[in-house]
Amino acid sequence: NMGTIDLSAISYNLGPVGFWNSITAIRDLLSYSPGILFLQDLRIPIHSSDKVKSWLSILFPQYFNVLSVHTERLRKPDGRKARYHYGFCTMLHRHWYTDLTAVNLARQKADVSTVQGHVLKITTRCKLTSELVSIYNIYQHTLSFSKRQERLWEILSDDIQTVSSNSKPWLAGGDFNA
């Protein structure tokens, strides 16, 4: 709920090709100058996150970019364990926003083994209204762990209720995989 602010937002899941194979598509999307670009499933290892963040800052200096990357161990369909690198990024246009703080709610509010999926919450000040705005990039990447998914939605719902009860605007986007 952004009130009367005319704000465009785009959400794009980069899987299965990942970040490096999606650079042209990201560049094309940002040519429209959206206020917010939500990216999910970047498929970059943690050690590459600084390189990706630097690349985004150089190529798109008009955007703040908040990047979260982590590794999970999951079982493949054949029963073997595998490491998956998940990453997601929220890009906010500097024309609209200032004073950012970010937190991965799913990692902050719960034991990693009890949650499936991720919520990157950014609190920022809208330059037009001077209001604090909460922006959520949700990445619900799998449907195979229903109890863990429910926990993610509880965390998100609780946070949105807190923000709403303080009459603060919020916006949610991402890959809900519903």
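1. Structural notes on the side chain of Ser22
Then, in step 1: Structurally, Ser22 can be placed in the loop between β1 (9–13) and α1 (23–30).
Then, in step 2: Classification of Ser22 by relative accessible area gives buried; the value is 1%.
Then, in step 3: If near-sequence neighbours (up to four positions away) are discounted, Ser22 is found in contact with Tyr12, Leu14 and Val17.

2. Looking at the nonpolar core
Then, in step 1: Ranked by internal contacts, the top residues of the largest apolar core, which has 18 residues, are Phe19, Ile26, Leu39, Leu42 and Met91.
Then, in step 2: Elements with a minimum of two residues in this core: α1, β2 (36–40), α2 (49–59), β3 (63–75) and β4 (81–93).
Then, in step 3: Considering each element in turn, this core owes the most residues, four residues, to α1.
Then, in step 4: Leave out the neighbours within four places in its chain, and Ile26 touches Leu14, Phe19, Leu37, Leu39 and Phe60.

3. Regarding the sheet that holds strand β7 (residues 132–139)
Then, in step 1: Read from one edge of the open sheet, four strands run β5-β6-β7-β8, paired in mixed fashion. Strands at the two margins of the open sheet, each flanked by one partner only, are β5 (97–104) and β8 (170–175). Each strand axis lies, on average, 20° off the axis of its neighbour in the sheet, ignoring direction.
Then, in step 2: Relative to β8, β7 is paired through six bridges, and the arrangement is parallel. Within β8, the residue paired with Ile138 across the bridge is Gly174.
Then, in step 3: Helix-sheet contacts for helix α4 (residues 146–165) involve β6 (118–126), β7 and β8, and the interaxial angle to β7 is about 170°.

Reading the values: rules and limits
- Residues numbered from 1 in each chain as written.
- Predicted model: local features only at pLDDT ≥ 70, side-chain atom pairs only at ≥ 80, totals over all residues.
- Heavy atoms only, no water.
- Helix = DSSP H or I, 4+ residues; strand = E, 2+ residues; numbered from the N terminus.
- Buried < 20%, exposed > 50% of the residue type's maximum accessible area, 1.4 Å probe, protein only.
- Contact = heavy atoms within 4.5 Å.
- Core = buried A, V, L, I, M, F, W, Y, C linked by side-chain atoms within 4.5 Å.
- Pairing = 2+ DSSP bridges.
- Axes fitted to C-alpha atoms, helices over the stretch in contact; angles between N-to-C directions.

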